[in-house]
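Examination of the molecular architecture
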Amino acid sequence: MPEQLTAPAPTTEKPEPDAPPQTVRLQPTKGFSRVLAPRELWRYRDLAFQLAARDVTIRYRQTFFGAAWAILQPVALMIVFAIIGAAAGISSDGLPRGLFGLAALVPWTFFASAFLLGSESLVLNQALVAKIYFPRIFIPAAVVAAGCFDLVISTTLLIVIVFIYGLANGMLLSAATLTLPFLAAIAVMTALGAGTALSAVNVRYRDVRYIVPFATQMWFFLTPVFYPNSSLSEPLRTLSAINPMVGVVEGFRWALLDGGGHAPLTLMAISAASAALLLVGALAYFDRVERSFADLI
Amino acid sequence: MSYTAIQAEELGKSYRLGLSAAYGSLRESISEGMRKAVGRGRGPVETTRRDVLWALRDVSFSIESGEAIGLIGHNGAGKSTLLKLLSRIVEPTEGWAEVTGRVGSLLEVGTGFHPELTGRENVFLNGAILGMRRAEIRSRFDEIVEFASMERFLDTPVKRYSSGMQVRLAFAVAAHLEPEILLVDEVLAVGDAAFQRKSLAKMAEVARAGSTVVFVSHNLATIQALCERAILLEQGKVIADAPVEEAVSGYLRSLERAATTDLLDRPDRDGRAWRTSQVRRIGIYDGESGEADVIIGGRSAKIVLEVTKVLPMMECQVTILNNLGTPIVTFDSELSAPTDRRDGELGERIECEIESLPLVPGRYRIDFVLKGSQEIQDGLQAAAFFDVEPGIVDGRPIAPAGADGDISLRHSWHLPA
């Protein structure tokens, strides 16, 4: 969609009421336009906020457990994994098996749900896309933002659980815990990248509806959630970090459970770079196809 | 101080027709891509040119700030496409436009209302969607709620509202938008009459307050009331850009011209793209003389439609409108009565018998919607025109042409002697 602001003067934060109104030129665009137009995103910030607020609000409305679902889901899975893992003799890197699973499941659950909801978001908001103009990136971004709200809750509870466990077992949280926001940021970039790209594909090809659940499952097996990354042999062990969730999951474990141990810095660095690349690629793709959304949706 | 609010130069928008162009599954695209690669552009590639529809082409105009402009034209003439272009929802295929000022577009009432959110939450969400700042919404919140008159339901989820309440709240939000340019697409045709009047008054107020208004409506009376100037579109092109009276009469002429062409040739119809039944012919006949297209006011009349195919559960809705597009009366077979019947003898005909059509003399038009197999099959505005000659209702002459109102009713007076 056309998005070239021809007003040459830099806009001030709050335009004076009698300042000449801004002119927007509408024309067929070539190349990149909107996502790389931060001024436009800033202009619609209130809408971005309202959409995110909506997605947070409706997430648990009319549910009994409410936001507790953010931690109930990973905890339920953790119990299953702990039982199966012990029975099958899967290594947990010498860490307490339950926490080994939970530390990975918290970021994974965030990612899986943000990815799924993100990829559906544009199609679910058809009416908005077809009837109103605003930077469309806000729709998948709002879903991921609402997921972040959950992630903060579940991570906080995770820290509390680890802390209580540590009190009983003489295992203390280390300074490594402070890297959690950075690790969470990798997970957010990954979810935003994957969700944004597939939401855009979904506008044109509804095949995405069938691909995403299946892709999430594959992704899950490629991520060391119920097995440790150390069970892979080199070079696969390091290369696997191209999947950004590998660095996130291993990083979460290290930050919370193994702070004294060897930091998986290489994994984290590769994953961070990979997530950033995914996000940039996804935004560029989104930007290219955004202009045709209203025609196709 | 006035400036050019909207300047459009040779604006054009094309769409690719056909299901695969718009939706299509990945498989279709892949196989299409392979065919192109292997066949070097043989075969289906040639068809693509034919499948392009120009919804709008070579559209140029200029609108000064503070002007109120009506966009008129048949269905499919490109009015809605033009509004979507100007509000930046879709991108032009060619040409350009410059829009100066904050744009508020109302292409639909209540876009973005979320059923799970409460009225209060939806006011904020919808306000933001329409482009209002949060502070703005907060400062006008009470006004909005009062306009919609629903203080009591503010904290109830909108899904428990009646549809009328939803529309009222949605319009209340929209009405408090204060854009420099307001683009409106016939959203006023919602709600009860009192609310419509309130909405219309609000629109006029916005226009008077100096905003630029571009307004799409089929109701020419509304257009004439609100706008000084109108742009008439026909098949994606500007036919007239003139003072409202002139543009409106141009539109009326084009409606009449369209009505004389064979109905099946009309491109401006509603309904599914792959209709299975269409209306081939429609006519209105005087019940006594049997004469077509001329009715004596107050006499019985019969509207006859011929369809191309008889489907199960056929239903039909016919509306008579006055010369300015104000609907006078609707006959709807879905609101059934004991006198209705389904009759195999009719063949492909649908008939509506009217005991008395007490219209004021003048020219009227007929719109219809045809349903069958529980779907809308066909619909046309201005499918036919007819004249009403002076007549009598229950012994009393019908008011002459030009009187207030369009119909007469049986009545009697009791006056002091």
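Presented here is an overview of the structure given in this document. Predicted model only: the values in this text are computed from it and were never measured.

**Looking at the sheet that holds strand E6 (residues 181–185) of chain B**
Residue and element names in this part refer to chain B. The mixed open sheet is built from six strands, whose spatial order is E5-E6-E7-E3-E8-E9. Both outer strands of the open sheet, strand E5 (103–106) and strand E9 (237–243), are each paired with one neighbouring strand and no more. The mean angle between the axes of side-by-side strands here comes to 15°, regardless of whether they run parallel or antiparallel. Bridging between E5 and E6 involves four bridges; their strand directions are parallel.

**A look at the pairing of strand E17 (residues 375–389) of chain B**
All names here are of chain B. By the bridge criterion, three bridges tie strand E11 (residues 294–296) to E17 in an arrangement that is parallel. Bridge pairing links Val-294 to Asp-387 in E17. Here strand E16 (residues 362–372) runs beside E17; their pairing, made up of 10 bridges, is antiparallel. Note on E17: the bridge partner recorded for Tyr-364 is Phe-386.

**Topic: the environment of Glu250(A)**
Residues and elements named next belong to chain A. Turning to its location among the elements, Glu-250 is positioned in helix H10 (residues 244–257). For Glu-250, a count of 28 C-beta atoms within 10 Å puts it in the buried group. Residue contacts for Glu-250: discarding those within four places in its chain leaves Pro-224, Asn-229, Pro-264 and Leu-267.

**So, the sheet that holds strand E13 (residues 315–322) of chain B**
Residues and elements named next belong to chain B. Across the sheet, five strands lie side by side as E11-E17-E16-E13-E14; this open sheet has mixed pairing. The two strands at the open ends of the sheet, each matched to only one other strand, are E11 and strand E14 (327–332). Pairs of neighbouring strands in the sheet enclose a mean axial angle of 30°, with direction left out of account. Pairing of E13 with E14 involves five bridges; the strand directions are antiparallel. In the strand pairing of E14, Gln-317 is matched with Asp-332. Lying on the sheet, helix H10 (residues 244–260) is in contact with E16 and E17; it crosses E17 at an angle near 110°.

**Here we look at the interface of chain B and chain A**
Counting residues at the interface gives 37 residues for chain B, matched by 29 residues for chain A. Among the secondary structure elements, those contributing two or more residues to the side of chain B that touches chain A are helix H4 (79–86), strand E4 (94–100) and helix H5 (119–129) of chain B. Taken together, the residues of the side of chain B that touches chain A sort by class into 16 nonpolar, nine polar and 12 charged. Pairing of strand E2 (residues 23–26) of chain A with E4(B) involves four bridges; the strand directions are antiparallel. Looking at E4(B), one finds that Val24(A) is bridged to Val99(B).

**Some remarks on the nonpolar core**
The biggest cluster of nonpolar side chains holds 189 residues, and the ones touching the most others in it are Ala103(A), Ala187(A), Ile69(B), Phe215(B), Ala230(B) and Phe368(B). Of the residues forming this core, the biggest block, 16 residues, is contributed by helix H4 (residues 97–124) of chain A.

**Focus: unusual backbone geometry**
The step from Glu234(A) to Pro235(A) runs through a cis peptide bond, and the omega angle for that step is 5°. Looking at the element boundaries, Pro235(A) is found in the loop between helix H8 (208–222) and helix H9 (236–239). We note that Asp293(B) has phi near 65°; this positive angle belongs to a residue other than glycine. Summarising the element assignment, Asp293(B) is placed in the loop between strand E10 (279–286) and E11. Overall, the presence of 14 C-beta atoms within 10 Å leaves Asp293(B) in the partly exposed class. The phi dihedral of Met313(B) is positive, around 55°, even though this residue is not glycine. Along the polypeptide, Met313(B) turns up in the loop between strand E12 (301–307) and E13.

**Quick notes on the packing of H4(A) against helix H7 (residues 180–204) of chain A**
For any two helices packed against each other, one specifies the inter-axial angle together with the distance between the axes. Residue and element names in this part refer to chain A. Packing of H4 against H7 brings their axes to within 7 Å, and their N-to-C directions diverge by 25°. Judged by the inter-axis angle, H4 sits roughly parallel to H7. H7 is crossed by H4, and the crossing has right-handed handedness. Residues Pro-107, Phe-110, Phe-111, Ala-114, Phe-115, Gly-118, Ser-119, Glu-120, Ser-121, Leu-122 and Val-123 of H4 pack against Ala-184, Ala-187, Thr-190, Ala-191, Ala-194, Gly-195, Thr-196, Leu-198, Ser-199, Ala-200, Asn-202 and Val-203 of H7.

Cut-offs used in this document
Residues numbered from 1 in each chain as written. Chains lettered and ligands numbered in written order. Predicted model: local features only at pLDDT ≥ 70, side-chain atom pairs only at ≥ 80, totals over all residues. Pairing = 2+ DSSP bridges. Helix = DSSP H or I, 4+ residues; strand = E, 2+ residues; numbered from the N terminus. Axes fitted to C-alpha atoms, helices over the stretch in contact; angles between N-to-C directions. Buried ≥ 20, exposed ≤ 12 C-beta atoms within 10 Å, placed from the backbone. Contact = placed C-beta atoms within 7 Å. Nonpolar A, V, L, I, M, F, W, Y, C, P; charged D, E, K, R; others polar. Core = buried A, V, L, I, M, F, W, Y, C linked by C-beta atoms within 7 Å. Parallel < 35°, antiparallel > 145°, perpendicular 65-115°, else oblique. Left-handed = near helix turned anticlockwise from the far one by under 90°.

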